[in-house]
Amino acid sequence: MQSLKQKFSFGFVALFTTIILLGNASADAVVKKVVLPKIQFTTAPTTEYTVGDRIKFNINALPYGGRVEYRVVLWEDAKKSYRDLWDAGNGHPTRYYTNWHPYGNETFTLGWPIFEPGDYRITVYVKRLGVPNNQAGLKGMNCDNYVESVAFKVKPKTSTLSLDKEGTTYGSKDVASLENFKGEVSITANNVTFSNANIDGNITITGDEASLNNVIVNGNIIVNPGTEGITNLENVSAKEIKVLSGSYESIHLKGVKADTLTTDSVDGVKVIAEVGTQIGQTIINTDADIEAAGGSFGEVQVSNKNDDDKYLGLIGNFDKSVIVKSFATIYAEEGAVVPKVEISADEEETEVALSGKFNEVLVKKDVYLTIAPDSTVAKLLAEASAVIYLDENSAIDKLDSSVIVYTFGEGKVIDYTGVVIEGTSDIKVPTAETVLGTIDPKAELGYIGDGTYEAPVLNMKFQKEDGTPLTATSGDLYVYDGVDTIKMAYPGGDAYTILVNEDGTLALAGGSYELYFPCNDKWYVLKFTTTQIGQKGELSSELISINGKTYEN
C-alpha cells in the first residue's frame, strides 16, 4: 500500500546573540549549598507480574556523587501492610542496609522474587552515607529523598492447557453445561473445534482453521494463525480480541461480544463482523480491512502506534465514527456507509487520504488531506487548519470552517461557509450567514523587532461597539480587496498586525479592503479605505477610514 508521505516543508529561523559580562563578584556573596541526593528510577517496576517473577529495577541518586545508603519497602495495599526488602537485616524500620555503599550518581540494580498474589507498591528511600537519620534532608522521614513506584499487580501462576491434536473437538458436548478450564488455553493444532466452554484466563490460537463455539473467555483471545490462517469465532465473549495474523477474509466473528478488538498483523488482515457481533471499540494498529456484515465494530480508531502510514478498508454499514490519529489512507468500498470520519492526529504535518464516499468528515487537528479521484465528502467541518488536495473528479459538497482552509487540485468545493483559499491567491470570503457583524478597531502605528531591527506595523485591537474586546480563536487572517488576497495579518494576543512600509504607510495600493476575523465560531468583517501615495507600483498608501469612520492616528 503506497505511502502517503509527500512532506511539506516550512522554515523559520531566528537568531539571538546575547553577551553578558559579570565582574567584581564578591567572595562574601558565595554561600555553600548542601547537595542532597534526588532519587529516581532509571528502570521502574512494571504494572503486572506473575507469582514467582523477579521484580527488578534500577535507581540512582543524582546529582549527589558521594556514597549513599538505600532502604526499600514493599507495601501491600489490600492488607495495609508493609515489609522491608533492603534494610539492616534486623527488622528495624529506620535502619538502612549498611554493608553496601554505592555512589549516588551510579546506577544501582535491585530485585526480588515475589511469591504471593496481591496489589503492591515499592518505595525506595535514600540517605547520604554516615548522616544520622534525624539529620537527614526530610525531617521526620529519616531520609534525604524517596521515590515510589506505580501500583502493580501480582497474579497467581496459572497452568497452560494445550489443545494439540489435529481435527479434535474439545469442550462439553452439552450446550447447556459448559466445561470449565482454569488457567491459559492454547490451540496449536490445525482444524481444532473448541465448544461449550468457560475459560478462566486467556486463549491463544496459533493453529489454522480453529473454531470456537459457545465459549466464554474471562480474559483475552489472541488470534495468530499465520499469514495463510483462518479463525472462526461464534457465540464467543471476551474482554479483548487481539488479531496478530491471518489471511485475507480470515477472521470471522459471529455473535461475538468483546470490549476491544485490536489489529496488530504485520502483513495486514481482514476481520468480518457478522450478525450479533458487538465490539465496544476497534483499534487499528496495522493495515486492515474490516467488514461490518450485520455486526458492529463500535468506534473504530486508527491509532498512532508505530510511525508507518496505515491503510484501513471499510466495507459494509458502520454505526460509529472512525477516528484517525495517524498518517493513514481510509478507503470506503462502494456501498459502504460511514457516518463520520474524525481526523485528530497530534503529529505535525499529518497526511490523510480519503477514497470513496463519506457522509461527514470532521477536522479537529491540522492535516494535509487528499480526496482521491472520483471520491466525495458530503460535509466537511474544519475546526483546525486543513490543506486539501482535491484529485480528479473529486468533490466536497459542503465545507464549513471556523478557520482558513486551503484547497487546490482538479476537484471542487461546491458550497462553503468560512474562508476558503483556492490555489495560492484566490480567496472565498464568508457568506452573509456566517458574518456576525462589523467591528470597531483601535488602530495605532507601532514597531516590532529585537531592539536592533524594527519594522513598522499597523496594530488593530478589535472590540464590539460596547467596548468588549474580541480575540481571534485561531489561524491567520487575510486582507481582501474584492478580487485577490493582498496581505496576511498576524494574530498576537488581542491584536492583529499588518506590515507597513518603512515610512509608516500601509503596504497597499489605494482602494477599499476587507479583513475577516474569526471569534467563537463566528466571523466578523472590518472594512477600511486607503489612498495611494508615492509612485505607482510602490504599494504605499495611507489609512483614510475604518468601517466608514475617518481614521486619525
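Counting starts from 1 at the beginning of each chain's written sequence and moves along it residue by residue. Local features in this predicted model are restricted to residues whose pLDDT is 70 or higher, and side-chain atom pairs enter the listing and the counts only when it is 80 or higher, whereas totals over whole chains, interfaces and linings include all residues. Hydrogens and water are ignored here; the side-chain numbers use all heavy atoms of the structure.

**Overview of the overall build of the chain**
Where we set the bar: Secondary structure elements are taken from DSSP: a helix is a run of H or I of four residues or more, a strand is a run of E of two residues or more, and numbering for both begins at the N terminus. For every residue, the accessible area (1.4 Å probe, protein chains only) is compared with the maximum for its type, and the residue is labelled buried under 20%, exposed over 50%, or partly exposed between those bounds. Should any heavy atoms of two residues lie within 4.5 Å, those residues are counted as being in contact. Note on areas: Shrake-Rupley with a 1.4 Å probe; residue coverage comes only from the protein chains shown.
A count of helices and strands for the chain gives zero helices and 46 strands. Evaluated residue by residue, the chain yields a buried proportion of 45% over its 553 residues. Looking at the chain alone, contacts between residues at least 24 apart form 36% of all its contacts between residues at least 6 apart. Element-wise, carbon and sulfur atoms account for 48% of the exposed surface of the chain, whose accessible area totals about 28,600 Å².

**Some remarks on the environment of Ile 290**
You can see Ile 290 is positioned in strand 23 (residues 288-293). In this structure the C-alpha to C-alpha distance between Ile 290 and Thr 263, which are 27 residues apart in sequence, comes to 10.0 Å. Sequence-distant contacts of Ile 290, that is, excluding residues within four places in its chain, are made with Val 271, Ile 284, Phe 297, Val 300, Leu 312, Gly 313, Leu 314, Ile 315 and Phe 318.

**Things to note about the pattern of salt bridges**
We count it as follows: A side-chain nitrogen of Lys or Arg and a carboxyl oxygen of Asp or Glu constitute a salt bridge if their distance falls within 4 Å.
Taken as a whole and judged by the stated rule, the model has 13 salt bridges. Here Lys 155 ties to Glu 48 by a salt bridge, and the two come within 3.1 Å at their closest N and O atoms. Here Glu 48 lies in strand 2 (residues 48-50) and Lys 155 lies in strand 9 (residues 152-155), a separation of 107 residues in the sequence. Since its relative accessible area comes to 33%, Lys 155 is described here as partly exposed. For Glu 48, a relative accessible area of 45% puts it in the partly exposed group. In this structure, Lys 182 engages Asp 200 in a salt bridge whose closest nitrogen and oxygen atoms are separated by 3.5 Å. One end of the pair, Lys 182, is in strand 12 (residues 179-182); the other, Asp 200, is in strand 14 (residues 193-200), with 18 residues separating them in the sequence. Of the residues examined, Lys 182 reaches a relative accessible area of 65% and is grouped as exposed. Since its relative accessible area comes to 40%, Asp 200 is described here as partly exposed.

**Some thoughts on the side chain of Ser 186**
Tracing the sequence through the fold places Ser 186 in strand 13 (residues 184-187). Sequence-distant contacts of Ser 186, defined by excluding residues within four places in its chain, comprise Thr 160, Leu 161, Ser 162, Leu 163 and Thr 204.

**Overview of the packing of aromatic side chains**
Counted only if it meets this: Any two rings among Phe, Tyr and Trp, with Trp reduced to its six-membered ring, count as a pair given centres within 6.5 Å; such a pair is stacked if its planes are under 30 degrees apart, edge-to-face if over 60, and tilted if neither.
As enumerated under the stated definition, the model contains ten aromatic pairs in all. Look at Tyr 49 and Phe 152: their rings are 5.4 Å apart centre to centre, the planes differ by 80°, and that puts the pair in the edge-to-face class. Here Phe 152 lies in strand 9 and Tyr 49 lies in strand 2, a separation of 103 residues in the sequence. Summarising the burial analysis for this pair, Tyr 49 and Phe 152 share the class buried. Centroid distance Phe 57 to Trp 112: 6.2 Å. Interplanar angle 40°. Geometry classified as tilted. Note that Phe 57 is positioned in strand 3 (residues 54-60) and Trp 112 in strand 6 (residues 108-113), a separation of 55 residues in sequence. Overall, the relative accessible area of 18% leaves Trp 112 in the buried class. Put simply, the rings of Phe 41, Phe 57 and Trp 112 pair up and form one aromatic cluster.

**Details of the confidence of the model for the chain**
The cut-off we apply is this: What pLDDT reports is the predictor's confidence in each residue, on a scale of 0 through 100.
Scored by pLDDT, the chain comes out at a mean of 79, with 72% of its residues at no less than 70. Counting interchain partners and residues more than four positions distant, the pLDDT-below-50 stretch residues 1-31 has 23 contacts. With pLDDT under 50 throughout, residues 439-457 is counted as low confidence; its partners more than four residues away or in other chains account for 62 contacts.

**Looking at the nonpolar core**
Put simply, the test is: Throughout, nonpolar core names a set of buried Ala, Val, Leu, Ile, Met, Phe, Trp, Tyr and Cys residues whose side chains join them through atoms within 4.5 Å.
Phe 194, Ile 203, Ile 221, Leu 354, Leu 380 and Ile 388 are the most contacted members of the largest nonpolar core, which totals 72 residues. It is strand 18 (residues 231-243) that provides the largest number of residues to this core, a total of five residues. Leaving out residues up to four positions away in the same chain, Leu 380 has contacts with Val 361, Val 363, Leu 369, Ile 388, Ile 396, Lys 398, Leu 399 and Asp 400. Ile 39, Phe 57, Leu 74 and Ile 122 belong to the second-largest nonpolar core, a separate cluster that totals 26 residues.

**A few points about the pairing of strand 3**
Put simply, the test is: Two strands make a pair as long as DSSP finds a minimum of two bridges between them.
Summarising burial for strand 3: five of the seven residues are buried, a large majority. Relative to strand 3, strand 1 (residues 40-43) runs antiparallel, the two being bridged by three bridges. Each residue of the ladder has a partner; that of Phe 41, found in strand 3, is Ile 59. Relative to strand 6, strand 3 runs antiparallel, the two being bridged by six bridges. Its bridge partner lying in strand 6, Phe 57 is registered against Leu 110.

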